[in-house]
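A look at the structure
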Amino acid sequence: MTTAAASILFLCLLTVSLAHFLWAIGSKWPIRDPELLARTVMGTPKFKRVPRFASLIVALLVLAAAAIGSALADKASGGLLLTVAGVVLTLVFGVRGILGYTAWWRARFLLEPFATLDRRIYSPMCLVVAACFAILVITRLT
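What the protein chain contains, in helices and strands, is six helices and zero strands. Going from N to C terminus, the protein chain has its helices and strands arranged as α-α-α-α-α-α. Once the C-alpha set of the protein chain is aligned to its principal axes, its extents read approximately 50 × 35 × 20 Å. The proportion of buried residues among the 142 residues of the protein chain is 38%.

Of note, Arg 140 is situated in helix H6 (residues 114-141). Despite its burial, Arg 140 remains without a salt bridge, the nearest opposite charge being carried by Asp 74 at 6.1 Å. Within the structure, Arg 140 has its side chain in polar contact with the side chain of Thr 83 (distance 3.0 Å).

The next subject is the pattern of salt bridges. Throughout the structure, instances matching the rule amount to two salt bridges. Measuring nitrogen to oxygen at the nearest pair gives 2.5 Å for the salt bridge that ties Asp 118 to Arg 96. Of this pair, Asp 118 sits in helix H6 while Arg 96 sits in helix H4 (residues 79-99), placing them 22 residues apart in sequence. Two residues, Arg 106 and Asp 118, come together in a salt bridge whose shortest N-O distance is 3.3 Å. With Arg 106 in helix H5 (residues 103-108) and Asp 118 in helix H6, this residue pair connects regions lying twelve residues apart in the sequence. Side by side, Arg 106 and Asp 118 carry an identical accessibility label, which is buried.

Attention now goes to a nonpolar patch on the surface. A surface patch of nonpolar side chains, amounting to about 480 Å² of accessible area, comprises Phe 53, Leu 56, Ile 57, Leu 60 and Leu 61. Take Leu 61: it is sitting in helix H3 (residues 52-72). Accessibility expressed as a relative area gives 57% for Leu 61, which makes it exposed.

Our focus in this paragraph is the packing of helix H2 (residues 34-42) against H6. Packed helices, taken two at a time, are described by their axes: the angle between them and the distance between them. Where H2 contacts H6, the two axes come as close as 7 Å, and the packing angle between them is 45°. By the angle between their axes, H2 is oblique relative to H6. The way H2 lies across H6 gives a crossing that is right-handed. Together, Arg 39, Thr 40, Val 41 and Met 42 of H2 and Phe 114, Leu 117 and Tyr 122 of H6 make up the contact between the two elements. Grouping the amino acids of the contact of H2 with H6 by side-chain chemistry returns five nonpolar, one polar and one charged.

In terms of nonpolar packing, the biggest core is built from 19 residues, with Leu 9, Leu 13, Phe 93, Val 129 and Phe 133 touching the most fellow members. For this core, the secondary structure elements donating two or more residues are helix H1 (2-24), H3, H4 and H6. In terms of residue count, H6 provides more of this core than any other element does, seven residues in total. Setting aside anything within four residues of it in sequence, one finds Phe 133 in contact with Leu 9, Leu 13, Ala 65, Ile 68, Gly 69, Leu 72, Gly 86, Leu 89, Thr 90 and Phe 93. Within the second largest apolar cluster, six residues are counted, among which are Ala 19, Trp 23, Leu 37 and Ala 38.

What counts as what
- Residues numbered from 1 in each chain as written.
- Predicted model: local features only at pLDDT ≥ 70, side-chain atom pairs only at ≥ 80, totals over all residues.
- Heavy atoms only, no water.
- Helix = DSSP H or I, 4+ residues; strand = E, 2+ residues; numbered from the N terminus.
- Buried < 20%, exposed > 50% of the residue type's maximum accessible area, 1.4 Å probe, protein only.
- Lys, Arg positive; Asp, Glu negative; His and termini not counted.
- Salt bridge = Lys/Arg side-chain N within 4 Å of Asp/Glu carboxyl O.
- Polar contact = N/O pair within 3.5 Å; in protein donor to acceptor, adjacent residues only side chain to side chain.
- Patch = residues over 30% accessible without salt bridge, like charges linked within 9 Å, V, L, I, M, F, W, Y side chains within 5 Å.
- Areas by Shrake-Rupley, 256 points an atom, 1.4 Å probe, with all protein chains shown as cover.
- Axes fitted to C-alpha atoms, helices over the stretch in contact; angles between N-to-C directions.
- Parallel < 35°, antiparallel > 145°, perpendicular 65-115°, else oblique.
- Left-handed = near helix turned anticlockwise from the far one by under 90°.
- Contact = heavy atoms within 4.5 Å.
- Nonpolar A, V, L, I, M, F, W, Y, C, P; charged D, E, K, R; others polar.
- Core = buried A, V, L, I, M, F, W, Y, C linked by side-chain atoms within 4.5 Å.

Below, the structure is given as structure tokens:
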């Protein structure tokens, strides 16, 4: 179970991190229109393009979370600090996943196609990642 949770977590986060790295270097993948890309990944009319520096920061943070998830799979590594980091990441991804289904979130991030993709892909993926982090943390504590 631990290997499966770590693998799912790592693949999800690596994919998200790679997409953000691409946007940070100016790629318009997978949508050629920069405005539509911004609406698809950000969901707010505030941006006409995906901000490159913010994308780089997100890419690095998500990649760090993936590395922490991989490290959590080894019960003997990292000690208490790593376990606490796993708990924090469980909460971060869990809260993000839950927020995606609230009226407050819907009002704030209302543009399509983000709103639909968030309900169908982004929020559920955050909940899966949170569950994987929780499994890894619980396994370390038992």
